[in-house]
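# Residue-level structural notes
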Amino acid sequence: DTAVSQTPKYLVTQMGNDKSIKCEQNLGHDTMYWYKQDSKKFLKIMFSYNNKELIINETVPNRFSPKSPDKAHLNLHINSLELGDSAVYFCASRPGQAYGYTFGSGTRLTVV
Amino acid sequence: GNSVTQMEGPVTLSEEAFLTINCTYTATGYPSLFWYVQYPGEGLQLLLKATKADDKGSNKGFEATYRKETTSFHLEKGSVQVSDSAVYFCNVSGTYKYIFGTGTRLKVLA
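Overview of the structure. Everything quoted here is computed from the prediction, not taken from an experiment.

### Section: the overall build of chain B
Regarding its fold elements, chain B presents zero helices and twelve strands. Counting from the amino terminus, chain B carries its helices and strands in the arrangement β-β-β-β-β-β-β-β-β-β-β-β. Against the globule reference of 13 Å for 110 residues, chain B gives a C-alpha radius of gyration of 13 Å, in line with a compact fold. Considered along the principal axes of its C-alpha atoms, chain B spans approximately 45 × 25 × 20 Å. A total of 110 residues make up chain B; the buried ones form 45% of that total. A sequence separation of at least 24 residues applies to 55% of the contacts in chain B between residues at least 6 apart. Surface accessibility of chain B: about 5200 Å² in total, with carbon and sulfur atoms responsible for 49%. For chain B, the separation between the mean place of its 10 positive charges and that of its 10 negative charges on side chains is 6 Å.

### Some words on the interface of chain A and chain B
It is common to give the size of an interface as the accessible area lost on bringing the parts into contact. Between chain A and chain B, the residue contacts involve 20 residues of the former and 21 residues of the latter. Across the interface of chain A and chain B, roughly 1600 Å² is buried in total on both sides, 56% from carbon and sulfur atoms. When residues of chain A are sorted by the area they lose upon contact with chain B, Lys41(A), Leu43(A) and Gln97(A) head the list and together hold 31% of the total. Remark: the boundary between chain A and chain B carries zero salt bridges. Summed over the shared surface of chain A and chain B, the number is five residue pairs in polar contact (both at pLDDT 80 or more).

### Let's talk about the sheet that holds strand 1 (residues 4–7) of chain A
Residues and elements named next belong to chain A. Strand order in the open sheet formed by four strands is 1-3-8-7, and the pairing between neighbours is antiparallel. Each edge of the open sheet carries a strand with a single partner, namely strand 1 and strand 7 (64–70). Taking each pair of neighbouring strands and ignoring which way they run, the sheet shows an average axis angle of 15°. Sheet topology places strand 7 next to strand 8 (residues 73–78); five bridges connect them, and they run antiparallel. The residue bridging phenylalanine 64 from the neighbouring strand is isoleucine 78, located in strand 8.

### Some remarks on the packing of aromatic side chains
Here the structure, examined in full by the defined rule, presents 16 aromatic pairs over all chains. When the centroid spacing of 6.2 Å and the interplanar angle of 50° are considered together, the rings of Tyr101(A) and Tyr36(B) count as tilted. Of the two residues, Tyr101(A) sits in the loop between strand 9 (87–94) and strand 10 (102–103) while Tyr36(B) sits in strand 5 (residues 32–38), which places them in two different chains. One exposure class covers both Tyr101(A) and Tyr36(B), and it is buried. Residues Phe103(A) and Tyr36(B) carry aromatic rings whose centres are separated by 5.8 Å and whose planes lie at 85° to one another, so their mutual orientation is edge-to-face. Placement of Phe103(A) in strand 10 and of Tyr36(B) in strand 5 is noted, with the two residues assigned to different chains.

### What to know about the side chain of Ser93(B)
Its place among the elements puts Ser93(B) in strand 10 (residues 86–94). Of the polar contacts made by the side chain of Ser93(B), one reaches the backbone oxygen of Gln97(A); its length is 3.1 Å. In contact with Ser93(B), not counting residues within four places along its chain, are Arg94(A), Gln97(A), Pro31(B), Ser32(B) and Phe34(B).

What counts, and at which threshold
Residues numbered from 1 in each chain as written. Chains lettered and ligands numbered in written order. Predicted model: local features only at pLDDT ≥ 70, side-chain atom pairs only at ≥ 80, totals over all residues. Heavy atoms only, no water. Helix = DSSP H or I, 4+ residues; strand = E, 2+ residues; numbered from the N terminus. Rg over C-alpha atoms; globule rule 2.2 N^0.38 Å. Buried < 20%, exposed > 50% of the residue type's maximum accessible area, 1.4 Å probe, protein only. Contact = heavy atoms within 4.5 Å. Areas by Shrake-Rupley, 256 points an atom, 1.4 Å probe, with all protein chains shown as cover. Lys, Arg positive; Asp, Glu negative; His and termini not counted. Charge placed at Lys NZ, Arg CZ, Asp CG, Glu CD. Buried area = accessible area lost by both parts, 1.4 Å probe. Salt bridge = Lys/Arg side-chain N within 4 Å of Asp/Glu carboxyl O. Polar contact = N/O pair within 3.5 Å; in protein donor to acceptor, adjacent residues only side chain to side chain. Pairing = 2+ DSSP bridges. Axes fitted to C-alpha atoms, helices over the stretch in contact; angles between N-to-C directions. Phe/Tyr/Trp six-rings, centres within 6.5 Å; stacked < 30°, edge-to-face > 60°.

Given below as structure tokens:
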């Protein structure tokens, strides 16, 4: 009964590969997000979807493509992975801006 | 532009010491303010929030007051425990605002 679940938890892959991370929330929230956390713990928003519609796309290379098949799911596909993509990627959801996020447990991506 | 400034860590305290982690922000309008905590290997968890000026958020002994005049939202706890060791993030949220502070690592020694 996890509220926001992401898979996989760990992902090790070679440069140039394409990979996907999946996220699902069972909270009924309208808005979902992808955040990237670097090795210094700095968090930066990447994308946000509200009820399947893209509302934020923050200066992210177009190798990253989010997809939201329905409001409970937000997946992240990454093409042509680079060393600099290594980070922890967090999915989150919330019902509105005055409410806190519920975060997933993160996907640690390592590009070698 | 919008920004959040958190005090640099790490902060190292003895058990039962008083904790303050400073957070100041710049933002237009009336954002909501949040503190999150991240334990090793986990995602961020909402610790407390305040949605308007002079509101005080509190949870698990932690408190923070929304100070619009000083644009601050400092996190405090009267007596920390070893189990409070984690990274704490201040967050400003509102229209087109999705900014987290850089995080402050707290280490509490027994």
